[in-house]
Structure formats: C-alpha cells, structure tokens
Amino acid sequence: MAAPIEVAVCTDSSAQLWSCVVWELHSGANLLTYRGGQAGPRGLTLLNGEYLLAAQLGKNYISAWELQRKDQLQQKIMCPGPVTCLTTSPNGLYMLAGIAESIYLWEVSTGNLLVILSRHYQDISCLQFTGDSSHFLSGGKDCLVLVWSLCSVLQVDSSRTPAPRHVWSHHTLPITDMHCGFGGPLARVATASLDQTVKCLWSPIPYPACPQLWEISSGELLLSVLFDVGIVAVTMDLAEHHMFCGGSEGSIFQVDLCTWPGQSEKSFQSEQDSGKVFKGHRNQVTCLSVSTDGSVLLSGSHDETVRVWDIQSKQCIRTVTLKGPVTNAFIMLAPVSMLSSDFRPSLPLPHFNKHLLGAEHGDEQRRGGLTLRLGLHQQGSEPSYLERAEQLHMVMCSTMEKNVLGGQDQLRIRITELEDEVQNLRKINRDLFDFSTRIITRPPK
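Criteria and cut-off values
- Throughout, a residue's number is its position along its own chain's written sequence, starting from 1.
- Two thresholds apply to this predicted model, a pLDDT of at least 70 for residue-level local features and 80 or more for giving and counting side-chain atom pairs, whereas whole-chain, interface and lining totals are computed over all residues.
- Only hydrogens and water are set aside when side-chain values are computed; all heavy atoms of the structure are taken into account.
- Think of it this way: any DSSP run of H or I at least four residues long counts as a helix, any run of E at least two long counts as a strand, and we number them from the N terminus.
- In this description, contact between two residues means that some pair of their heavy atoms is separated by no more than 4.5 Å.
- Only the protein chains shown count as cover for residues, and the accessible areas themselves come from Shrake-Rupley with a 1.4 Å probe.
- Exposed residues in this analysis have more than 50% of their type's maximum accessible area, buried residues have under 20%, and partly exposed residues fall in between, with area computed by a 1.4 Å probe over protein chains only.
- Within 3.5 Å is the distance limit for a polar contact, defined as a pair of N or O atoms, with the added protein rule that one can donate a hydrogen and the other accept it, and that residues adjacent in sequence qualify only through two side-chain atoms.
- Pairing between strands is defined by DSSP: at least two bridges between them are needed.
- Throughout, an axis means a line fitted to C-alpha atoms (over the contacting stretch in the case of helices), and angles, computed between N-to-C directions, take values from 0 to 180 degrees.
- Stacked, edge-to-face and tilted are the three classes for Phe, Tyr and Trp ring pairs, Trp counted by its six-membered ring, which pair at centre distances within 6.5 Å; planes under 30 degrees apart are stacked, over 60 edge-to-face, the rest tilted.
- Two limits define a charge over a ring: the Lys NZ or Arg CZ must be within 6 Å of the ring centre, and within 35 degrees of the ring normal.
- As a per-residue measure, pLDDT reflects the predictor's confidence and takes values from 0 up to 100.

**Q** Describe the overall build of the protein chain, with residues and values.
**A** Broken down by element type, the protein chain carries 4 helices and 29 strands. Considering only contacts within the protein chain whose residues lie at least 6 apart along the sequence, 50% involve residues at least 24 apart. When the accessible surface of the protein chain is split by element, carbon and sulfur atoms take 52% of a total near 21,900 Å².

Pasting the structure below:
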C-alpha cells in the first residue's frame, strides 16, 4: 500500500493567478489550482474530503469547489454578511462561519441554519473544531476564547441563550490564532494574541505577547509563554512536543513543551534561545502547519512567500513566492478525491439558508425542535474516532522507529544480531552446565 501523500494548500490576498494552489509538500510539484475569488485569513477549509470552501475576503459569500472540478465554481453560499473565518467539522456534518461578532452553524446535509451564537462582543477572528467534532472553539477581537459543546448548542431550548462550556479571558488584545491538539474533549489548545501590554506578574519584558496552552476538559490554563514581539500564528506537532509561534516581525519560535515541567509561566529569550528560532521571513508570519511526522514546518507570511523548514536544523528547504500576502497555508494528507480524476462527491451541496428555521423570511417552520441527522451516507464508510486515534498511534510509532532505529531494514538486521547473540549465550550456558556436571559427578580418587 502506497504511503499517503502530504500536500500544502495555500492562498494569497491578491488571487491574480488562482484562488488556491495545492502542491506536493516534499517535491514542490504543483498538483491543483482553483480559480474564482480571494480567500480571507482563516477562511479556507475542506468539507468531508470532497469540497474546498473559501470565505471570500470582505464579501458575503463562501465559494465551494469540488476537489476535482477545479476550473468550475461549484456553488456560492450566500451569507448574511462578510465572513471573517470559516471551518467545518471533521465528520463533515456541520459548517461554522464567523460573521461580525456572531457564529453561524449550518447542517451540511440539509443546508439549514441551526443556531446563531452571539456571545462575543467584537468580530470573530478564528474558529476550530476538536478532532472528534464534539466541541468547537471561537476566538475574537474582544480578547475572548470560548469553548462550545456541539451537543449542548444543538439541544438548547429556544427560550434560552446557548452558553459556552468555558470562557477564557486571560488575553488582553485580539485573538489572532488557535490550534486544537489531538484527543477530542481531552485535547489541549494553544491560543495566540496581539497582547502588547506590560504584565509584571509574568515578566518585565516591555512588550510581551503571550501564547497560552489550555485544557478543554478542565478549562485550566496550563502554560503561558512570553515573547518580545507580537504573535500572529501558532501550531503544535501531533505529539505535542513542540509549539511553534509566528512573530509579527517574521521570526518563528519553537517552544519545547516537555522541558518545562511544573512551570505555568515562562519567558522566551531570543538571545538565549537562538537555536530555537527560524529566521527568513521579512514580514509577519500569518500561518503555520507541521507535517504528520513532525519533521517539516510550513509557514506563510505577509512577505508574499510560503516556506518549508526542516525542524531539526531550522533551515529553509524550499521557498514558494506568491503574488500577495499569504492568507492561508496548511499541510494535510491528500484525500482520495483530490488525487482521483474520476471521483465525484457522494452528495451535492444543498442550498444554505441565510436565516434560522422558523424565521419570517420564508424558511419552513420549526416542528418541535431540531432534527439531528447523523449522516446516513457516511455510516460504515468512515472510521470511528477511536480507529483514527489507533491509526495515528501506529503512524507515530512507525515514525519513532524510523528515527531511532533507522527503519525496517535496520530493525531486521538488529533483530538478527540479537538472535545470534542469544544463541551464542545459550551455547555457552550449555557448555558451562556440562562442565560443572562432569566436575561434580567425577568419582573421588
């Protein structure tokens, strides 16, 4: 079975040549391009591995392409206002969009607008689901990060206002980025902000910027790291050994999460930790992503370049120049639909409603609450969250084996050497036993 292909998906704000480009991560070969509009920051996502969705910069619609019909705009999803950020649930059942200070939640199978959440006080800047689709997070310019239980949001009584599970308010300036780790409701979340105020409780650095690490299950703050520049992008590797933070002046900082046990506050000193800094971008880093095996880092910047870095050496191994500031750049395993020209989506996208069910704008009336559909077309075709976790564990073990033992060939050689050594030790043991037996049983003279 061939290994899955990792691809880089990128957009820029000019969209002169294309709206989105997909290229193979390690060879740099251009695979696909999509045309028709400008994708805004945090506004690019895949829907169920079949559609590519892009929130158009400053406009009130979302563009949707079938992954293989790249030259034809599949559909425009009209929204009540300009979309500031966009995401979809990993199981492909729901779509979230930030519109001004509100969060809009659609059911993909019907196109029904299920809930409008208005607990932020300023524009939403980023949205993200947990890996099992049970929770989602929202960050805004009001400095708040909210954690929502999807089940609670969908089952809330229409007479009550939905409440988030956690409200994280430790930041003091707008949230710029979030990263949710692996583990569903037990996942850890990293948040980045443009904090530019003095926090003497933490450090006397004049202009601290503070990514923070949270735990969804308890809602507790685990770690705060202070920098001397603003942080615009944040991500972690799958094993959560390292956190990568993109600075407003172009540097990328690597924070080793396993080296600070028991510490909840830490300052990153660029002079002392110079070996943990990626240098090459000339303007602020807007997006970061790490490869599956944790060896490669992808970064996008306002200097109109996307760079691929070797994490161990901190060296840039490839630079791709775009036509405008990079708005989105991330690494993913290419779905089958992206590589097969014969693939077609299992279901067409429905018409997405702009208003809640039962509203006065012509939508059908609500009948006794929400009807939750579990995606019948997906049953039996998608692995469960536990199965995906086991697959990830196997990939991580395979990667560790390759890094530590040198791969399968070296492992087989080592096993052969150990087996030979065991056989030799057994022979020595038998010889010693026979010699001892002869000495003990020898008749006295």
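Now, onward.
**Q** How would you sum up the side chain of aspartate 177? Please name residues and give values.
**A** Assignment of secondary structure puts aspartate 177 in strand 16 (residues 175–180). Its relative accessible area of 8% is what places aspartate 177 among the buried residues. Separated by 2.9 Å, the side chain of aspartate 177 and the backbone nitrogen of valine 234 make a polar contact. Sequence-distant contacts of aspartate 177, that is, excluding residues within four places in its chain, are made with Arg42, Cys126, Ala190, Thr191, Ala192, Val232, Ala233 and Val234.

**Q** Describe the environment of valine 147, with residues and values.
**A** Looking at the element boundaries, valine 147 is found in strand 14 (residues 145–149). The buried category is assigned to valine 147, whose relative accessible area is 0%. Taking C-alpha positions, valine 147 is 5.6 Å from proline 164, a pair spaced 17 residues apart along the chain. Among all residues touching valine 147, those that are not within four sequence positions of it are His135, Phe136, Leu137, Pro164, Arg165, His166, Trp168 and Ile216.

**Q** With reference to specific residues and values, describe unusual backbone geometry.
**A** Although it is not a glycine, cysteine 143 sits at a positive phi angle of roughly 75 degrees. By the secondary structure assignment, cysteine 143 is in the loop between strand 13 (135–140) and strand 14. Its identity is not glycine, yet lysine 314 carries a phi of approximately 65 degrees, on the positive side. With respect to the helices and strands, the residue lysine 314 is situated in the loop between strand 27 (305–310) and strand 28 (315–321).

**Q** If you had to explain the sheet that holds strand 25 (residues 285–290) to someone new, which residues and values would you point to?
**A** Read from one edge to the other, the open sheet built from 4 strands follows the order 25-26-27-28, with strand pairing classed as antiparallel. Of all the strands in the sheet, just strand 25 and strand 28 have a single pairing partner and so form its edges. On average, adjacent strands in this sheet sit at an angle of 20 degrees to one another, irrespective of strand direction. Sheet topology places strand 26 (residues 296–301) next to strand 27; 5 bridges connect them, and they run antiparallel. Looking at strand 27, one finds that leucine 298 is bridged to valine 308.

**Q** Can you tell me about the packing of aromatic side chains, naming the residues and giving the values?
**A** Using the criterion set out here, one finds 8 aromatic pairs in the structure. Consider the rings of tryptophan 106 and phenylalanine 352, whose centres lie 6.3 Å apart with planes at 75 degrees: the pair is edge-to-face. You can see tryptophan 106 sitting in strand 10 (residues 102–107) and its partner phenylalanine 352 sitting in the loop between helix 2 (336–339) and helix 3 (385–405), a full 246 residues away along the chain. Assigned by exposure class, tryptophan 106 and phenylalanine 352 land together as buried. Three or more aromatic residues joined by ring pairs make a cluster, and in this case those are Tyr104, Trp106 and Phe352. Here the basic side chain of lysine 76 rests over the ring of tyrosine 61, its NZ or CZ set 4.7 Å away from the ring centre.

**Q** Pulling in residues and values, what's your account of the confidence of the model for the protein chain?
**A** Of all residues in the protein chain, 81% attain a pLDDT of 70 or more, and the chain-wide mean is 82. Confidence drops under pLDDT 50 across residues 196–209; counting only partners more than four residues distant or on other chains, this segment forms 39 contacts. Note that pLDDT drops below 50 for residues 360–374; the model gives that stretch 24 contacts with residues more than four away or on any other chain.

**Q** I'd like a description of the side chain of threonine 305, backed by residues and values.
**A** Looking at the secondary structure, you find threonine 305 in strand 27. A distance of 3.3 Å separates polar atoms of two side chains, one belonging to threonine 305 and the other to histidine 281. For threonine 305, the side chain forms a polar contact with the side chain of aspartate 303, separated by 2.7 Å. Ignoring sequence-local partners within four residues, the contact set of threonine 305 consists of His281, Ser299, Gly300, Thr319, Val320, Thr321 and Val326.

**Q** Describe in detail the pairing of strand 3 (residues 30–34), supporting the description with residues and values.
**A** Along any regular strand the residues' side chains alternate between the sheet's two faces. Bridge analysis of strand 2 (residues 20–24) against strand 3 gives 4 bridges, and the strand direction is antiparallel. Residue pairing in the sheet places valine 22 in a bridge with leucine 32 of strand 3. Between the end of strand 2 and the start of strand 3, which pair antiparallel, lie 5 residues, with glycine 28 showing a positive phi angle near 80 degrees.

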